Amino acid sequence: RRASARRASMFRRSPAPRRARYAGPCAMNPAENPMDFLKKLLVAVLVWELVRFVIARIALVVLPKRDDEDEETARVRFEAPKQYTGAVHALVVSALAAKLLRAVVALDEAADMYYIRGAGIGMDDGTRDLLELTNWLFLGYLVQDTTHIVRNFPRMGKADMLAHHCVFMVASILSGASQTMMLPFCWLLLGEASTPLLTLRWTIQSAAYSLESEKVVKVAKAFGFKGERVSSPKNAGKQLEFFAGLMLVFTFFLARVVTYSLGYTHMLWVRHKGIIDAVPASVALPLNVLVGAGAGLNAHWFGIMIRKAIKGPPKPKEA
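A. Quick look at the pattern of salt bridges. Counting across every chain of the model gives seven salt bridges. Its salt-bridge partner being Glu212, residue Lys234 comes within 4.0 Å of it at the nearest N-O pair. A residue pair is termed long-range when its members are at least 10 positions apart, and Lys234 in helix α9 (residues 233-272) and Glu212 in the loop between α7 (195-210) and α8 (215-222) qualify at 22 residues. On the basis of relative accessible area, Lys234 is assigned to the partly exposed category, the value being 39%. Each of the salt bridges in this network shares a partner with another, and the network as a whole consists of Glu72, Arg75 and Glu79.

Printed below as a string of C-alpha cells:
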C-alpha cells in the first residue's frame, strides 16, 4: 500500500503556490473598487489629453490656418497631435520599461518575475509602484487614443488600429488587476521604442510630399546628400525616408524580434515548468495567445521592412 501511495503521489500535481496582493498607491482593482479604478483611469487619460492639447497648439503655430490653404496642409495639422502624442507616449513608456526590465530580470527567482509571492519577497515596493504607474500611463494612452479614433473614424485610424488598442487594453487590465506577468509586461512595452521612428517617417513624408517644404532639402544636404537627390523636396524626402526606415528596421529588430523572442521563450518555459501555476488561467492563457499572435505579426512586419531595405534608396526623379 505504501509503495502504491508513493507511486500515485509521483503523478499527482502539487498544489499551485499562493499568490499575494500589493496594496500600493497605483494598485488596479476594478472588481473590488471600481470607483477608484475609474478615477485613476480618468487621471491617466487626462495626462495624455493635456499632452495632445499642447502639441495641437504647437501645430497651429507651425502651420497656422489660412483661407487659401490646401487640403494636404489641413490634413497634416489634423494628424500631427495624434502622431506626436503617440511618439511622446512611446518614449516615456519604453524608457520606463527599460528601467523596470533591468530590475525584474535581476530577481533571483523566476516566479517573482511573474507574480507576487508575499510581502518582502521579490521586487521592492518602489519598483512595484513604478510598474503599476507605467501600466496606468499605458492604459490611459490607449483609452485616450481610442476615443479620438472613434470620434474621427476612419481619419485617425481604421479597424485594425481599434482592434490593436482594444486587445492591449484588455491585456493591460488583466495583468494590472491580477498583479501578474510583470516580466512580459516590461518587454512588451519595450517594443514601443520603434514608434518614434514611425513618427519621424510620417514627419518626413508630410514635409516632403504634402507640404513640399524646402526645409527638407536643407536637412538632406546637411546629412550629405547631393545632386539630383536633393533637387526637390520630394527627392530629398525619399532619401531621408529610406534612411529613417533603416533606423526603424534596426530598432524593430532589437525590440520586437530579439527581445520579444527571448521574452516569449522564457514565458513558455516558465509555464511548461509550472513556475507560474499561481497565475490565473484567465490571465495566462489570453496573454499567451496574444503574445503568440504578436510574434507572428512582428515577423510579418519585419519581412516587409527587410524587403524594402534590400531595394535600396529610391532613384531621384527629375525636378
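B. Up close: the packing of helix α2 (residues 34-62) against helix α4 (residues 125-151). The N-to-C vectors of α2 and α4 enclose an angle of 65°; their axes lie 8 Å apart at closest approach. As judged from the angle between their axes, α2 and α4 are roughly perpendicular. Between α2 and α4 the crossing geometry is right-handed. Taking contact as the criterion, the partners of Phe37, Lys40, Leu41, Ala44, Val45, Trp48, Glu49 and Arg52 in α2 are, on α4, Trp136, Leu137, Leu139, Gly140, Tyr141, Val143, Gln144, Asp145 and His148. Split into classes, the residues belonging to the contact of α2 with α4 amount to ten nonpolar, three polar and four charged.

C. Summary view of a nonpolar patch on the surface. Together, Leu50, Phe53, Val54, Ile58, Val61 and Val62 give the surface a local cluster of nonpolar side chains, amounting to about 630 Å² of exposed area. Mapped onto the fold, Phe53 is located in helix α2.

D. Inspection of the packing of α4 against helix α6 (residues 182-190) at higher detail. With their axes 12 Å apart at the nearest point, α4 and α6 run at an angle of 50° to one another. The angle between α4 and α6 places the two elements in the oblique class. α6 is crossed by α4, and the crossing has left-handed handedness. Where α4 abuts α6, its residues Leu131, Thr134, Asn135 and Phe138 lie against Met182, Phe185, Cys186 and Leu189.

E. Representation of α2 in the model. With 29 residues, α2 should cover 42 Å at 1.5 Å per step; its first-to-last C-alpha distance of 42 Å lies within 8% of that length. Every buried residue of α2 is listed here: Phe37, Lys40, Leu41, Ala44, Val45, Trp48, Arg52, Ile55 and Ala59. Packing partners of the buried residues in α2 comprise α3 (71-105), α4 and α5 (159-178).

F. Spotlight on the environment of Arg128. Structurally, Arg128 is set in helix α4. Excluding its chain neighbours within four sequence positions, the residues that come into contact with Arg128 are Tyr22, Ile116, Gly118, Ile121, Gly122 and Met123. Engagement of the side chain of Arg128 in a polar contact is seen with the backbone oxygen of Ile121, the distance being 2.7 Å.

G. Geometry of empty space enclosed by the protein. Counted by the stated rule, this structure contains two cavities of 30 Å³ or more. The space that makes up the largest cavity amounts to roughly 170 Å³. At the level of secondary structure, the elements contributing two or more residues to the lining of the largest cavity comprise α4, α5 and α6. Split by residue class, the lining of the largest cavity holds seven nonpolar, five polar and two charged. Of the voids in this model, the second largest cavity is the one considered here, and its volume is about 140 Å³. Forming the walls of the second largest cavity are 14 residues, and the residues nearest its centre are Ala171, Ser172, Phe185, Leu188 and Leu287. Among the secondary structure elements, those contributing two or more residues to the lining of the second largest cavity are α5, α6 and α10 (281-311).

H. How the structure looks around unusual backbone geometry. Look at the link from Phe153 to Pro154: it is a cis peptide, with omega at 0°. Considering the arrangement of structural elements, one finds Pro154 in the loop between α4 and α5. Of note, the phi angle at Met181 is positive, near 60°, even though the residue is not glycine. You can see Met181 is positioned in the loop between α5 and α6.

I. Local environment of the layout of surface pockets. There is about 690 Å³ of room inside the second largest pocket. Taken together, 26 residues form the lining of the second largest pocket, with Tyr84, Thr203, Ile204, Ala207 and Val216 sitting closest to its centre. Breaking the lining of the second largest pocket down by element, the ones donating at least two residues are α2, α3, α7, α8 and α9. Class assignment of the residues belonging to the lining of the second largest pocket gives a composition of 20 nonpolar, four polar and two charged.

J. How the structure looks around the confidence of the model for the chain. Model confidence for the chain is summarised by a mean pLDDT of 90, while 94% of its residues fall at 70 or above. Scored below 50 in pLDDT, residues 5-14 shows two contacts in the model against residues more than four places distant or in partner chains.

K. Layout of the side chain of Ser175. The topology assignment puts Ser175 in helix α5. If we ignore the near neighbours within four places in the chain, the residues touching Ser175 are Thr180, Met181 and Phe185.

L. A look at a negative patch on the surface. On the surface, Asp67, Asp68, Asp70 and Glu71 cluster together into a patch of negative charge. With respect to the secondary-structure elements, Asp68 resides in the loop between α2 and α3.

Rules and cut-offs
Residues numbered from 1 in each chain as written. Predicted model: local features only at pLDDT ≥ 70, side-chain atom pairs only at ≥ 80, totals over all residues. Heavy atoms only, no water. Salt bridge = Lys/Arg side-chain N within 4 Å of Asp/Glu carboxyl O. Helix = DSSP H or I, 4+ residues; strand = E, 2+ residues; numbered from the N terminus. Buried < 20%, exposed > 50% of the residue type's maximum accessible area, 1.4 Å probe, protein only. Axes fitted to C-alpha atoms, helices over the stretch in contact; angles between N-to-C directions. Parallel < 35°, antiparallel > 145°, perpendicular 65-115°, else oblique. Left-handed = near helix turned anticlockwise from the far one by under 90°. Contact = heavy atoms within 4.5 Å. Nonpolar A, V, L, I, M, F, W, Y, C, P; charged D, E, K, R; others polar. Patch = residues over 30% accessible without salt bridge, like charges linked within 9 Å, V, L, I, M, F, W, Y side chains within 5 Å. Areas by Shrake-Rupley, 256 points an atom, 1.4 Å probe, with all protein chains shown as cover. Expected span 1.5 Å × (residues − 1). Polar contact = N/O pair within 3.5 Å; in protein donor to acceptor, adjacent residues only side chain to side chain. 1 Å grid on protein atoms, 1.4 Å probe; cavity = no way out; pocket = protein on both sides within 12 Å on 5 of 7 lines; lining within 4 Å. Points joined across faces, edges and corners; volume = space filled by probe spheres on them. pLDDT = per-residue confidence, 0-100. Lys, Arg positive; Asp, Glu negative; His and termini not counted. Charge placed at Lys NZ, Arg CZ, Asp CG, Glu CD.

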